[in-house]
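Secondary and tertiary structure notes
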Amino acid sequence: MRNALTLLIALAAVTFVVLAGCKDQGNEAGSGGVTEDSVKLGLFVSTTGAIADFGLATKNGADIAVSEINAAGGINGKQVELVFYDIASKPEEAKSAATKLATQDKVLVGMGAVASSLSLTAAPTFQTNGVPMVSPSSTFPPVTEKGDLIFRICFTDEFAGAALAQFAFEDLGKRKAAIIMNQDDPYSTGLANYFKARFEQLGGKVETTEKFANNTSDFNTQVDNVKSATPDIVFAPVYYNDITLIGQQLRGKGVTVPILGSDGWESPTLLKNAAKDLEGCYFGNHYSQNDPDEMVQGFIKTYADKHGDKPSSLAALGYDVVYFVKNAVDKAGTFDRAKVAGAMRNTKDLKGVTGTYTIDNKRNASKPITMLKITGGKVEMVRQIMPEEVK
Amino acid sequence: MRRSLATLLVALAICAGMNLFLAQFIEEYVVQVINMVGVSIILAVSLNVINGLTGQFSLGHAGFMAIGAYVSAFFTTDLSYFNPDTAEYVTDPALVSSVWGYLGALIAGGVAAAVAGVLVGIPTLRLKGDYLAIATLGFGEIVRILITNFEKVGGANGLSGVPQFQIVLSGEGKDALALDGTFFIFSFVIICVLLSAQLQRSTFGRALIAVRENELAAEVMGIPTVRMKIFAFVYGAFFAGIAGGLFAHLLQTVTPASFTFMKSVEVVVMLVLGGLGSMTGAIVGAIVLTVLPEALRDVEQEADLPGIRMVVYSLVLILLMIFRPQGIFGQRELSLRLLRRLVPGRRISGDETPKPSEDRKGTEL
Amino acid sequence: MFLLEVTSEQIFQQALNGVSKGAVYALIAVGYTMVYGVLQLINFAHGEVYMLGAYFAYYPAKWAGYIPDEGGEKPKVPLYFIGVCILFSMAACAAIGMLIERLAYRPLRNASRLAALITAIGVSLLLQNGSQIMFGSDPKYFPRFMDRESVQLGMFDVSNTQVTIMVVAAVAMIGLHLFVQKTKPGMAMRAVSFDMRTARLMGVNVDGTIALTFAIGSIMASIGGVLIAMDQPRLTPLMGLLMGLKAFVAAVLGGIGSIPGAALGGLILGIAESVVGTWSTTYADAVAFVILILVLLVKPSGLLGKTGREKV
């Protein structure tokens, strides 16, 4: 019986410790996060752990949008209060942050996460609690399949991978590709999978797929393998911090073929550090920073004034996600969650920093991918690939 | 035997009661944290059998947990994986969908982890101390890398859409009175804690402790040390596998990123913080280290300093170790002292576990 | 899985890559091994010292204006200033190493080894997360110490940075070996490692020697950090995590406590990873651990480790 006693005490202790958080029975569904003069929006991204800088960029972008909106009178007459939680790149933290946002803070909408695996963990919690969730940058297709309240404002790997393969095959006329990808990163593996499938479907051949693990900085092994495969293009669906090193090490070993990349390349530091090595390379992005558009330049300027550097694409998506929510509330004219989600579903031709987009019937943003080329230390737009162009 | 069975039934009833109480009156977020605490308790108590009782330093608990998580989710989840030929995600429907199926899947996960425990237990025939630690760490990393490259279970994305199960008592839909995750998790917490406590006091458990204290002497005394060590690994791995399965169904996703060696380190930290060798310590360590990061979440939100949470966490860890290196409980158990005080005059013998020997050389005079 | 047709040339090429990779593993592994030798403590925070080593060489160059804020072509850092950066990094790392020992490990000298180990893990987490706040979690790009160029060695192709790594690491390791074997402080280190109590009775300044051990291990890590940053110029607060783990594996592989063992372990690990990578980069990391386990099964105390006598 002593064991049982130990156990009872332990359990009692747990219960006792947390009893403070008693359940608030009222305000179950319906309008969310609204107090007298403010509305709560939730943001959950990783600002510590492996991909901390992506989370921080997203948060910085969202912060700018929130202060702009508040300065302009808020959403529907209410000031925006951003409730932010760091989820430390861990699924268990994503789950508890999502639960906290949905049931304790009772936010109107949850915004996050960057990493698809973390969005997948958070999505069911938001869905069952009737709170819409919008991911700014999770590109893995199944994320939005978790329920009719789950949205994203970026394109999916499926579209981007296929579009990039078509670009390589048709626009650039390449036939032999080599892929370098991060095997621990779903973003990277997802794009690589779709690229390979489409590229080979078109008649090209992927000669080799070289993988590396998180935090790798010595790519000599991968580079030498790529070199002996003699491709005419290298596809590197990786983030800017990796491509800087990969580009340098490929060029250092005399691999001079163009490298093709994805939106993960977009960063203020890319050209500072890799302009020479990535000369003549292409990447697909949400938008072009040279776009003379007022909104784009305005955001870039505000961001640069505040943080000293130009924004990365993740910061731009963080900025856009807040405006996406604002647009939906404005359209719905109410803070009723179901109606806001309905307005989100009907979002059409919404202009954001990362392009003009429409939410499709799978709750994904349908928007063009902007192909950019690095030439003479600058990024130039090659063309836009429209969603209709890709099968 | 009958008494243990009665204890178990009473405990299960308490679990059910606790489940209903929490669901009714406590915020979902808090329940979520309590459930995580339950998973941590199973992990810490089971690792205590390997590290604390038997004195084998394992850093591979995340590997066992991963095996349990993936095996159980493999049975209960609609598997969605990439088919490179059609460039589409294919879905295989789940193999089981009932509560009994879920329990079976959990046990299967535990058994699979236990089998891995045998495989890891064998090197312990030869390795000691830090060498064993690094070998088990290597095992955990191998498991993780294999899973990451196994497309059928989602590769780096892992599995999502892992279902949650419940036993409906009455009613329907959202308002139904039902036993859910909390009940399953804490039932296993109770089974694990009861069994481990039983083990600790049995002759068998004393043999494990003998292996920890002095392997050579234990061998001379006729204790089959090799078999003991393998047993400890199998036992620990089984419950780590169960914990992994519960973890997967609690989070509704499993990703390889959850099972890095830092996860193993986290569990070891729970043990040492609570007091290595003490089950009460393991439980308290698990509670403290699961609740602490959550509690610090609000601090971080207030301070608006992303990352400060982990700095505080690590400082707490360092200071605790410097000022109380034996852990919160040392080697003591809570129940014993309490019972002594409650029942004056009654001597309870045979419950004190011997102190670990000072095994480091070069102790200063 | 994808299998390449592999030629022996490719394998030798990869082995060469492995030597430069392994050379850095070795530099960091000696830090683990030396501390283990004197304290029987796995200094988990050592990978973070390596990370700091890279940052401490970055900042002097940044302050001196070798990393223009405006971007554009970075000016080449002159040789004398490279020396300044490296010396600063070495000094700062030595100080950090000794500080860690004084504040976190010395109070636990007589506590259980596990408590010390957990403290080490705590220090490691503290440095990682503290650096994220101090330096920012976005990557920093190292100044131009050396322009990467391809060097032809017979039919093999290595970069000048890889050659530099191999040469500097070899010199540092030989220097360390001579220091430990031929000098008085080195002898004290060996004495403390052999038997701390007797060493103290013989008049060895035990505390000073332990501090020195941390300082030297940290200096080696700092050299490793600078070398890697020069070859792979991206610094992040988490860069010590994987490197620390690999170096630790190398130290155990070679036999923890043995300096030549650390060198051997580092080289074997580096070469194995790269050569396996010729066939499949997917499982290269897993293979490192498989080799580790296999070696330990055959030789439980590592390749050059002393087989401990069991005292009754």
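Everything numeric here is computed off the predicted structure, so don't read it as measured data.

Basis of the calculations
Note on numbering: residues in each chain are counted from 1, in written sequence order. By the order in which they are written, chains take letters starting at A while ligands take numbers starting at 1. Note on the predicted model: pLDDT of at least 70 is required for a residue's local features to be given, and 80 or more for side-chain atom pairs to be given and counted; whole-chain, interface and lining totals, by contrast, use all residues. Just so you know, side-chain values use all the structure's heavy atoms and leave hydrogens and water out. Helix numbers and strand numbers start at the N terminus; a helix is a DSSP run of H or I with at least 4 residues, a strand a run of E with at least 2. Two things to know: the radius of gyration comes from C-alpha atoms, and the globule rule equals 2.2 Å times the number of residues to the power 0.38. Three exposure classes are used, based on accessible area relative to the maximum for each residue type with a 1.4 Å probe and protein chains only: buried under 20%, partly exposed in between, and exposed over 50%. Residue contacts are defined here by distance: any two heavy atoms, one from each residue, within 4.5 Å place the two residues in contact. Method for areas: the Shrake-Rupley scheme with a 1.4 Å probe, in which residue coverage is limited to the protein chains shown. Within this scheme the basic residues Lys and Arg register as positive and the acidic residues Asp and Glu register as negative, but His and the chain ends are omitted. Charged side chains are reduced to one point each, which is NZ for Lys, CZ for Arg, CG for Asp and CD for Glu. Computed with a 1.4 Å rolling probe, the buried area is the accessible surface lost when two parts are put together, summed over both parts. The salt bridge definition used is simple: a Lys or Arg side-chain nitrogen within 4 Å of an Asp or Glu carboxyl oxygen. For this classification, the nonpolar set comprises Ala, Val, Leu, Ile, Met, Phe, Trp, Tyr, Cys and Pro, the charged set comprises Asp, Glu, Lys and Arg, and every other residue, Gly included, is treated as polar. Annotation comment: domain bounds sourced from an automatic or database domain assignment. Cavities and pockets are found on a 1 Å grid laid over the protein atoms alone: a cavity is a set of points where a 1.4 Å probe fits but cannot escape, a pocket is an open set with protein on both sides within 12 Å along at least five of seven lines, and a lining residue has an atom within 4 Å of such a point. Grid points are joined across faces, edges and corners, and a volume is the space filled by probe spheres set on the points. A fitted line through C-alpha atoms serves as each axis, taken over the contacting stretch for helices, and the angle formed by two N-to-C directions is quoted from 0 to 180°. Relative orientations are named as follows: roughly parallel for angles under 35 degrees, roughly antiparallel for angles over 145 degrees, roughly perpendicular for angles from 65 to 115 degrees, and oblique for any other angle. Ring pairs shown here join Phe, Tyr and Trp side chains whose ring centres sit within 6.5 Å, with only the six-membered ring taken for Trp; geometry is labelled stacked below 30 degrees between planes, edge-to-face above 60, and tilted in between. To estimate how far a helix should extend, the number of its residues minus one is multiplied by 1.5 Å. At least two bridges found by DSSP between two strands are what make those strands a pair. Any pair of nitrogen or oxygen atoms within 3.5 Å is treated as a polar contact; in protein, a donor-acceptor pairing is required on top of that, and neighbouring residues in sequence qualify only through side-chain atoms on both sides. Two distance rules govern patches: like charges are joined within 9 Å, and nonpolar side chains (Val, Leu, Ile, Met, Phe, Trp, Tyr) within 5 Å, applied only to residues with over 30% relative accessible area and no salt bridge.

Moving on to the overall build of chain A. Helices and strands together make up the secondary structure of chain A, namely 12 helices and 15 strands. In summary, chain A has a C-alpha radius of gyration of 22 Å against a globular reference of 21 Å for 391 residues, a match within 12%. When its C-alpha atoms are laid out on the principal axes, chain A stretches across 65 × 60 × 40 Å. Within the span of chain A, comprising 391 residues, buried residues form 66% of the whole. Looking at chain A alone, contacts between residues at least 24 apart form 68% of all its contacts between residues at least 6 apart. As displayed, chain A offers around 12300 Å² of accessible surface, 50% of which is attributable to carbon and sulfur atoms. The distance from the centre of the 40 positive side-chain charges to the centre of the 44 negative ones in chain A is 3 Å.

With that settled, consider the overall build of chain C. If you tally the helices and strands in chain C, you get 11 helices and four strands. The C-alpha radius of gyration computed for chain C amounts to 20 Å, which stays within 12% of the reference 20 Å derived for 312 residues, consistent with globular compactness. Put simply, chain C has 312 residues, and 62% of those count as buried. Considering only intrachain contacts with a sequence separation of at least 6, the fraction spanning at least 24 residues in chain C is 76%. Here chain C has roughly 11900 Å² of accessible surface; of this, 69% comes from carbon and sulfur atoms. Once the 22 positive and 17 negative side-chain charges of chain C are each reduced to a mean point, those two points are 15 Å apart.

Now for the interface of chain C and chain A. Of the residues lining the interface, 37 residues belong to chain C; the matching set on chain A comes to 40 residues. Both sides together, the interface formed by chain C and chain A hides about 3100 Å², and carbon and sulfur atoms give 46% of it. The tally of links between chain C and chain A comes to two salt bridges. Among the salt bridges present, the one from A:Asp242 reaches C:Arg234, with a minimum N-O distance of 2.5 Å. Broken down by secondary-structure element, the contributors of at least two residues to the side of chain C that touches chain A are helix H1 (8-39), strand S3 (156-159), helix H8 (206-231), helix H9 (239-254) and helix H10 (259-279) of chain C. It is H1(C) that contributes the most residues to the side of chain C that touches chain A, five residues altogether. Broken down by class, the residue content of the side of chain C that touches chain A amounts to 10 nonpolar, 16 polar and 11 charged.

For A:Thr47, the location among the structural elements is in the loop between strand S1 (38-45) and helix H2 (52-71). A residue is classified by how much of its surface remains accessible, and A:Thr47, at 2% relative accessible area, is buried. With near-sequence residues (within four places) excluded, A:Thr47 lies in contact with A:Ala52, A:Gly55, A:Leu56, A:Phe84, A:Asp86, B:Pro306 and C:Gln132.

This paragraph deals with the domain arrangement of chain A. All names here are of chain A. The domain architecture assigned to chain A consists of domain 1 (29-155 + 295-359) and domain 2 (158-285 + 370-389). Just the C-alpha atoms count here: the centres of domain 1 and domain 2 sit 29 Å apart. Contacts between domain 1 and domain 2 engage 11 residues on the former and 14 residues on the latter. Roughly 1200 Å² is buried in total at the junction of domain 1 and domain 2, and carbon and sulfur atoms are behind 64% of that figure.

A few words now on empty space enclosed by the protein. Overall, the coordinates contain seven cavities of 30 Å³ or more when judged by the stated rule. Taken as a whole, the second largest cavity encloses approximately 180 Å³ of empty space. What lines the second largest cavity is a set of 18 residues, among which B:Phe261, C:Phe44, C:Glu48, C:Ser124 and C:Leu241 lie closest to the centre. Taken together, the elements giving at least two residues each to the lining of the second largest cavity come down to helix H10 (261-274) of chain B together with helix H2 (46-63), helix H4 (113-135) and H9 of chain C. No other element matches H9(C), which puts five residues into the lining of the second largest cavity. Tallied by class, the residues present in the lining of the second largest cavity amount to 12 nonpolar, five polar and one charged.

So, on to the packing of helix H7 (residues 203-213) of chain B against helix H9 (residues 225-251) of chain B. Two quantities define a packed helix pair, namely the angle between the axes and the distance from one axis to the other. Residue and element names in this part refer to chain B. Where H7 contacts H9, the axes come no closer than 10 Å and their chain directions differ by 105 degrees. The angle between H7 and H9 falls in the class roughly perpendicular. In this structure, H7 uses Phe-204, Ala-207, Leu-208 and Val-211 to contact H9, whose residues at the interface are Thr-225, Met-228, Lys-229, Phe-231 and Ala-232. Broken down by class, the residue content of the contact of H7 with H9 amounts to seven nonpolar, one polar and one charged.

One pass over the full model with this rule turns up 41 aromatic pairs over all chains. Seen from their ring centres, A:Phe324 and A:Tyr357 are 6.2 Å apart, and the 35 degrees between their planes marks the pair as tilted. Taken together, the positions of A:Phe324 in helix H11 (residues 313-332) and A:Tyr357 in strand S12 (residues 355-359) put the pair 33 residues apart, joining distant regions of the chain. In this structure A:Tyr357 comes out as buried when scored by relative accessible area, which is 1%. Seen from their ring centres, B:Phe231 and B:Tyr235 are 5.9 Å apart, and the 35 degrees between their planes marks the pair as tilted. Taken together, the positions of B:Phe231 and B:Tyr235, both in helix H9 and four residues apart, correspond to about one turn of that helix. Residue classification places B:Tyr235 among the buried positions, given a relative accessible area of 11%. Pairwise contacts between aromatic rings join B:Phe204, B:Phe231, B:Tyr235, B:Phe238 and B:Phe239 into one cluster.

The next thing to look at is H2(C). All names here are of chain C. Spanning 18 residues, H2 covers 26 Å between terminal C-alpha atoms, matching the ideal 26 Å at 1.5 Å per step. By the criterion of burial, H2 is predominantly enclosed, with 16 of the 18 residues buried. One or two steps after H2, the chain reaches Gly-65, where phi turns positive at roughly 85 degrees.

Okay, the sheet that holds strand S13 (residues 365-366) of chain A next. All names here are of chain A. Strand order in the open sheet made by the three strands is S11-S12-S13, with antiparallel pairing throughout. The open sheet has two edge strands with one neighbour each: strand S11 (350-352) and S13. Strand direction decides the pairing type here: S11 and S12, joined by three bridges, are antiparallel. The residue bridging Gly-352 from the neighbouring strand is Gly-355, located in S12.

Right, let's talk about the side chain of C:Arg234 for a bit. When you line up the elements, C:Arg234 lands in strand S4 (residues 234-235). A relative accessible area of 8% means that C:Arg234 is categorised as buried. Here A:Thr216 takes part through its backbone oxygen, which lies 2.8 Å from a polar atom of the side chain of C:Arg234.

With that out of the way, let us pick up a nonpolar patch on the surface. All names here are of chain C. There is a patch of nonpolar side chains on the surface, built from Val-290, Leu-294, Leu-297 and Val-298 and spanning about 340 Å² of accessible area. The residue Leu-294 is located in helix H11 (residues 284-298) in this model. The class of Leu-294 is partly exposed, set by a relative accessible area of 48%.

Let us look at the packing of helix H5 (residues 160-182) of chain C against H8(C). All names here are of chain C. It is at 9 Å that the axes of H5 and H8 come closest, and there the two elements cross at 170 degrees. Here H5 lies roughly antiparallel to H8, going by the angle between them. In contact with Thr-161, Gln-162, Thr-164, Ile-165, Val-168, Ala-169, Ala-172, Met-173, Leu-176 and Phe-179 of H5, H8 contributes Leu-212, Ile-216, Met-220, Ile-223, Leu-227, Met-230 and Asp-231. Grouping the constituent residues of the contact of H5 with H8 by class yields 13 nonpolar, three polar and one charged.

Taken as a whole, this structure holds 28 salt bridges over all chains when the rule is applied. Notably, a salt bridge pairs A:Lys351 with A:Asp293, separated by 2.9 Å at the nearest N-O pair. Of this pair, A:Lys351 sits in strand S11 while A:Asp293 sits in the loop between strand S10 (282-285) and helix H10 (294-307); the two residues are 58 residues apart in sequence, bridging distant segments of the chain. With a relative accessible area of 43%, A:Lys351 lands in the partly exposed category. Residue classification places A:Asp293 among the partly exposed positions, given a relative accessible area of 22%. Via salt bridges that share partners, A:Lys90, A:Glu92, B:Lys263 and B:Glu266 belong to a single interconnected network.

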